[in-house]
Amino acid sequence: MTSSYCCAPLVFSSEVCSQGSSSISLSSSKQMQNSGEKMMMVMDHLELSTRGESIVLQSKGSGDSMPPAYNDELRTRTSADEVRKEILECYALVQKLGKGVVYFGSSRTKADHPHYLQAMELGREVALLLNCTSWTGVGPGMMDAVTQGALQARKPVGGFKISNEGGNWTNSCVHPYLSDHTYLTCRFFSARKHGLADAGVRDNQADRTAYVSLPGGVGTLDEMFEILTLIQLKRLGSAFPVPLLILNYDGFFTGLIQFLKSCQEWGMLSAGELDSLWKVCNTNLEALEYLADFYCISDNDRLYRNTLNDMNRLESFHV
């Protein structure tokens, strides 16, 4: 399976998997290439070569210049193969259920919180508007709210579960009500992130996908900034653009947005650069209107204007 997300060059990074053991994973990096120059990989003794889907680690030059002990250590570490296998399982699930809208959000939000209810409403109306699969981390909180909303709309759901929910490690690999063919329980965080990223990549003009960040903490910010960076570096959405929406319920993300805009004063961001990468929405209505405009959906098919329970509904949208 190919996508603009997966075509980035590969470099090594270390990771701690959910079982606490050390592993080697693969992550994307921006290809540094100037006109007439070949890309340089700064690795003293090693180089990567790809053969189809296989990734081969080999010593540079004709002789083996790696220390013998280092060679033995690499031979006994199997986590790279395990991560690769799990990533391919994630891709297979996306291929089976279809691309769609990927949601990030806190696992700690309670079901009676206003943000939970707003997320449920958004999940329902987006699923109806775009007629697509809704993807989450298959956890509680905001992830559960979106899933409930999509099920209310009778649209497919899918996701990638991890054994850490609400800040607590669990031994459960089973979701309380979803069928096991709709989600995958991941051992490695890197595989899970590959799956969530791939679920929102558009393979063709007809695909209607998006990434939506709901209020959340460190994990949500990690996922949100990963997608933001991939869009900025044109590793995602370069062939078929994909919207990234930030749902700023009750000004939740306002402080973060102000900080990022202040980066312009330090020369870390260009004027208007951030606004070109994402769309900040204060209400569900604003988010739905943006998606409908993005995918050129006719007014007759914008049924949420009749059903949306939004305090900020504009009178011009009444029919």
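Residues numbered from 1 in each chain as written. Predicted model: local features only at pLDDT ≥ 70, side-chain atom pairs only at ≥ 80, totals over all residues. Heavy atoms only, no water.

An unreviewed UniProt entry annotates the protein chain as Cytokinin riboside 5'-monophosphate phosphoribohydrolase of Sphagnum troendelagicum.

K.L.:
Honestly, the nonpolar core in this entry has me stumped. Any pointers?
P.N.:
For soluble globular proteins, the rule of thumb is that nonpolar side chains tend to be buried together. Core analysis: the biggest nonpolar cluster contains 36 residues, and Trp135, Phe160, Tyr211, Ile227, Leu236, Leu244 and Trp278 have the highest contact counts within it. Here this core takes seven residues from helix α2 (residues 79–97), the largest share from any one element. (Core = buried A, V, L, I, M, F, W, Y, C linked by side-chain atoms within 4.5 Å. Buried < 20%, exposed > 50% of the residue type's maximum accessible area, 1.4 Å probe, protein only. Helix = DSSP H or I, 4+ residues; strand = E, 2+ residues; numbered from the N terminus.)

K.L.:
Help me understand the packing of helix α3 (residues 114–130) against helix α4 (residues 142–152) in this model?
P.N.:
Working note: a packed helix pair is described by the angle between its axes plus the distance between those axes. Remark: α3 packs on α4, axes separated minimally by 7 Å, with the N-to-C direction vectors making an angle of 40°. The orientation of α3 with respect to α4, classified from their angle, is oblique. Seen from above, α3 lies across α4 with right-handed handedness. Side by side, α3 and α4 meet where His115, Tyr116, Ala119, Met120, Gly123, Arg124 and Ala127 of the first sit next to Met142, Asp144, Ala145, Val146, Gln148, Gly149, Ala150 and Gln152 of the second. The residue inventory of the contact of α3 with α4, partitioned by class, reads eight nonpolar, five polar and two charged. (Axes fitted to C-alpha atoms, helices over the stretch in contact; angles between N-to-C directions. Parallel < 35°, antiparallel > 145°, perpendicular 65-115°, else oblique. Left-handed = near helix turned anticlockwise from the far one by under 90°. Contact = heavy atoms within 4.5 Å. Nonpolar A, V, L, I, M, F, W, Y, C, P; charged D, E, K, R; others polar.)

K.L.:
Teacher, can you tell me more about the packing of aromatic side chains here?
P.N.:
How two aromatic rings sit relative to each other is set out by the distance from centre to centre and by the angle between their planes. For the structure shown, the criterion picks out four aromatic pairs. An angle of 10° between the planes, with centres 5.4 Å apart, marks the rings of Trp135 and Phe160 as stacked. Residue Trp135 is located in strand β6 (residues 133–136), and its partner Phe160 is located in strand β7 (residues 157–162); the two are separated by 25 residues in the primary sequence. The two residues Trp135 and Phe160 agree in class, both being buried. Taken together, a centroid distance of 5.0 Å and an interplanar angle of 80° make the contact between Phe252 and Phe253 edge-to-face. Three or more aromatic residues link up through ring pairs in this structure, and these residues are Tyr290, Phe294 and Tyr295. (Phe/Tyr/Trp six-rings, centres within 6.5 Å; stacked < 30°, edge-to-face > 60°.)

K.L.:
Mind showing me how you'd approach α4 here?
P.N.:
Owing to its 3.6 residues per turn, the α-helix brings residues three or four apart onto one side. Judged by how many residues are buried, α4 sits mostly within the fold: eight of 11 residues are covered. Listing the buried residues of α4 in full gives Met142, Met143, Asp144, Ala145, Val146, Thr147, Gly149 and Ala150. Buried residues belonging to α4 abut β5 (100–104), α3, β6, β7 and α5 (189–199). The first or second residue beyond α4 is Arg154, which carries a positive phi of 60°.

K.L.:
Explanation requested: the pattern of salt bridges in the structure shown.
P.N.:
Two side chains bearing opposite charge may form a pair once their charged atoms approach each other closely. For the structure on display, the rule yields 11 salt bridges. Notably, a salt bridge pairs Asp203 with Lys99, separated by 3.2 Å at the nearest N-O pair. Pair noted here: Asp203 is in the loop between α5 and β11 (210–213) and Lys99 is in the loop between α2 and β5, with a separation of 104 residues, a long-range link. The salt bridge involving Glu289 is made with Arg305; its shortest N-O contact spans 2.9 Å. With Glu289 in helix α9 (residues 284–294) and Arg305 in helix α10 (residues 304–307), this pair connects stretches of sequence that are 16 residues apart. Classification of Arg305 as buried rests on a relative accessible area of 13%. (Salt bridge = Lys/Arg side-chain N within 4 Å of Asp/Glu carboxyl O.)

K.L.:
Would you mind showing me how to read the environment of Ala292 here?
P.N.:
Its place among the elements puts Ala292 in helix α9. With a relative accessible area of 0%, Ala292 lands in the buried category. When the C-alpha positions of Ala292 and Val126 are compared, they lie 9.4 Å apart, and in sequence the two are 166 residues distant. When residues no more than four places from it in sequence are discounted, the contact partners of Ala292 are Leu129, Ile297, Arg302 and Tyr304.

K.L.:
How do you make sense of unusual backbone geometry when you look at a structure like this?
P.N.:
Although it is not a glycine, Lys234 adopts a positive phi angle of roughly 60°. In the Ramachandran plot, Asp250 falls in the positive-phi region, its phi being about 55° despite a non-glycine side chain. Checked against the element boundaries, Asp250 lands in the loop between β12 (244–247) and α7 (254–262). For Asp250, a relative accessible area of 68% puts it in the exposed group.

K.L.:
Would you take a moment to explain the state of the cysteines for this structure?
P.N.:
Disulfide: a covalent bond connecting the sulfur atoms of a pair of cysteines. Applying the stated criterion across every chain yields a total of zero disulfides. Just so you know, Cys90 is unpaired, no disulfide at all, and the nearest cysteine sulfur is the one on Cys186, 3.8 Å from it. (Disulfide = S-S within 2.5 Å.)

K.L.:
What is the right way to look at the environment of Ala150 in this model?
P.N.:
By the element assignment, Ala150 lies in helix α4. The exposure class of Ala150 is buried, given its relative accessible area of 0%. Considered as a pair, Ala150 and Thr133 are 17 residues apart in the sequence and their alpha carbons are 8.2 Å apart. When near neighbours in sequence (up to four residues on either side) are disregarded, Ala150 contacts Gly123, Arg124, Ala127, Ser134, Lys155 and Val157.

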